[in-house]
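# Overview (structure and organization)
One letter stands for each residue in the lines below.
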Amino acid sequence: MDKKLFRSLLLLITFTVGLVFVVVRLDLLWSGFRAVLSNFTPLFAGLAIAFVLVRPCAFFRRILDKGLGGTPFARLSLPLAVALSYLLLIGVVAALFAFVIPQFALSVGRFAANLGGYLAQVQVWINELMAWLNLEQLDLSQFSQTLREFVNGLFSALTSAVPQLLSLTSGLVSVVVTMVLALVFSIYMLAGKDTLLGQCRRVLRAYVPKKVYDVVLDVTALTAETFSRFVSGQITEACILGGLTFLGMVLLRLDYAPLIAVLIGVSALVPVVGAYVGAITSALLLVMVDPLDALIFLIFLVCLQQVEGNVIYPRVVGTSLGLPGIWVLTAVTVGGGLFDLAGVLLSVPVASILYTLLKRDVRKRLARQSREPDEQDGARPG
């Protein structure tokens, strides 16, 4: 047998066996891949922190370059910008723990204390509805007793879980170590961003053809810009929306203003679905107090979201991601089904990148096709 034919058959058989193994044991390969990726958690977390802080760092660096330019301290602009960025991050986290979380805990405690009264009010509404429908009344007293027994059992289980403290402590230590390593990685990435990017470009230029090198740089720049605009816009939008919700509820004298403001702000981080989840959850909290309060809140929230979507968001983000609404909903649905919460959060910018790349390629192909008939007409003899 010809050696070239034998090598081709051997390569084909090897590829077929490998493909069958991948298809049959896809679950095993995926679990192994996730196990390997879990070891890089501090690196990925550090990259995420550095990515969030890259714009504040650039802002502080521009100011420091203007203030320290031409002085012996000009070389300190980058370290000072990095330090100010992390001070800003620490300040935001400290403000969250100092102001928002105590109010949040107070609202949750108030809700738990008034739970019996809310159930009694719900019982009255159900009785009125059953009487209007000429049906047998539904008693919620057993439900209230069952709920109290569940809460008491939960507290007793927590107090008797002393043997689990060791594993809880080890898990907490692991989380702390991961966060410390993530902060260290993020500092190195943020401070040495220019050096790291230069090294990556040199490696690509050395091992990748020129055409592929240009494509990789273009896609990387588009990805960085899209994710940066999306992350900074979503975080700023969530803070503004939560703050305006709190201010409006205080002016309207609605209950659970801190709790609902946090719910609306956090849910705003999730595209499309988050707004509905936050609104429904908040309305359910208020309807137990007074249905009229829930109606007032929903009207206020709809007006606020209209103002936020048409006035605040375009100014905060600058330009939209350019993804049509139907594809945003599709991306969130598919991403959530495949990768759970991470898929919901990251599906919109990923879909926006793919949409932009596809749109560019379609324009290039159409432009090439429109030029070909002209070239053919020019090549024909007169």
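Residues numbered from 1 in each chain as written. Predicted model: local features only at pLDDT ≥ 70, side-chain atom pairs only at ≥ 80, totals over all residues. Heavy atoms only, no water.

For any pair of aromatic rings, geometry is given as the distance between the ring centres together with the angle between the planes. By the definition in use, this model includes 2 aromatic pairs. Plain terms: the ring middles of F40 and F44 are 6.3 Å apart, the flat faces sit at 35° to each other, and that makes the pair tilted. According to the relative accessible area criterion, F44 is partly exposed, its value standing at 42%. (Phe/Tyr/Trp six-rings, centres within 6.5 Å; stacked < 30°, edge-to-face > 60°. Buried < 20%, exposed > 50% of the residue type's maximum accessible area, 1.4 Å probe, protein only.)

With that settled, consider the nonpolar core. The nonpolar side chains of soluble globular proteins are, as a tendency, buried together. By size, the foremost hydrophobic cluster in this structure holds 18 residues, and its most contacted members are M249, I260, I264, L286 and F297. Secondary-structure elements contributing two or more residues to this core are α9 (210-252), α10 (257-267), α11 (273-287) and α12 (291-317). Looking at which element gives the most residues to this core, the answer is α12, with 5 residues. Residues V54, C57, L68 and L190 belong to the second largest nonpolar core, which totals 12 residues. (Core = buried A, V, L, I, M, F, W, Y, C linked by side-chain atoms within 4.5 Å. Helix = DSSP H or I, 4+ residues; strand = E, 2+ residues; numbered from the N terminus.)

Attention now goes to the packing of α9 against α10. At a minimum axis separation of 8 Å, α9 and α10 run at an interaxial angle of 155°. One element, α9, and the other, α10, form an angle in the roughly antiparallel class. Considering the relative orientation of α9 and α10, their crossing is right-handed. Here A238, L241, G242, T245, F246, M249 and V250 of α9 come into contact with α10, specifically with A257, P258, I260, A261, I264 and G265. (Axes fitted to C-alpha atoms, helices over the stretch in contact; angles between N-to-C directions. Parallel < 35°, antiparallel > 145°, perpendicular 65-115°, else oblique. Left-handed = near helix turned anticlockwise from the far one by under 90°. Contact = heavy atoms within 4.5 Å.)

Relative to the helices and strands, T226 resides in helix α9. We classify T226 as buried; its relative accessible area is 2%. Placed 126 residues apart in sequence, T226 and S352 show a C-alpha to C-alpha distance of 7.6 Å.

Moving on, we get to the pattern of salt bridges. Evaluation of the coordinates by the stated rule reveals 4 salt bridges. A salt bridge links D194 to R61, with the shortest nitrogen-to-oxygen separation between them at 3.6 Å. With D194 in helix α8 (residues 193-207) and R61 in helix α3 (residues 41-68), this pair connects stretches of sequence that are 133 residues apart. R365 is the salt-bridge partner of D361, the closest N and O atoms lying 2.8 Å from each other. Separated by 4 residues within a single helix, D361 and R365 lie in helix α13 (residues 325-379), roughly one turn from each other. (Salt bridge = Lys/Arg side-chain N within 4 Å of Asp/Glu carboxyl O.)

A surface patch of nonpolar side chains, amounting to about 870 Å² of accessible area, comprises W30, F33, V36, L37, F40, F44, V334, L338 and F339. Of all elements in the fold, only α2 (26-38) and α13 reach the threshold of two or more residues within the nonpolar patch. The dominant element in the nonpolar patch, judged by the number of residues it contributes, is α2, at 4 residues. (Patch = residues over 30% accessible without salt bridge, like charges linked within 9 Å, V, L, I, M, F, W, Y side chains within 5 Å. Areas by Shrake-Rupley, 256 points an atom, 1.4 Å probe, with all protein chains shown as cover.)

Let's shift gears to the environment of R62. By secondary structure assignment, the location of R62 is in helix α3. Along the backbone, R62 and S77 are 15 residues apart, and their C-alpha atoms lie at a distance of 8.5 Å.

Turning next to unusual backbone geometry. Phi angles above zero are rare outside glycine, and R253 is one such case at about 60°. Along the chain, R253 falls in the loop between α9 and α10. R253 sits in the exposed class, given a relative accessible area of 77%.

In this structure, A81 sits in helix α4 (residues 77-113). On the basis of relative accessibility, which here comes to 0%, the residue A81 falls in the buried class. For the pair A81 and A58, spaced 23 residues apart in the sequence, the C-alpha separation amounts to 7.5 Å. Discounting chain neighbours no more than four positions away, the residues touching A81 are C57, F60, R61 and L64.

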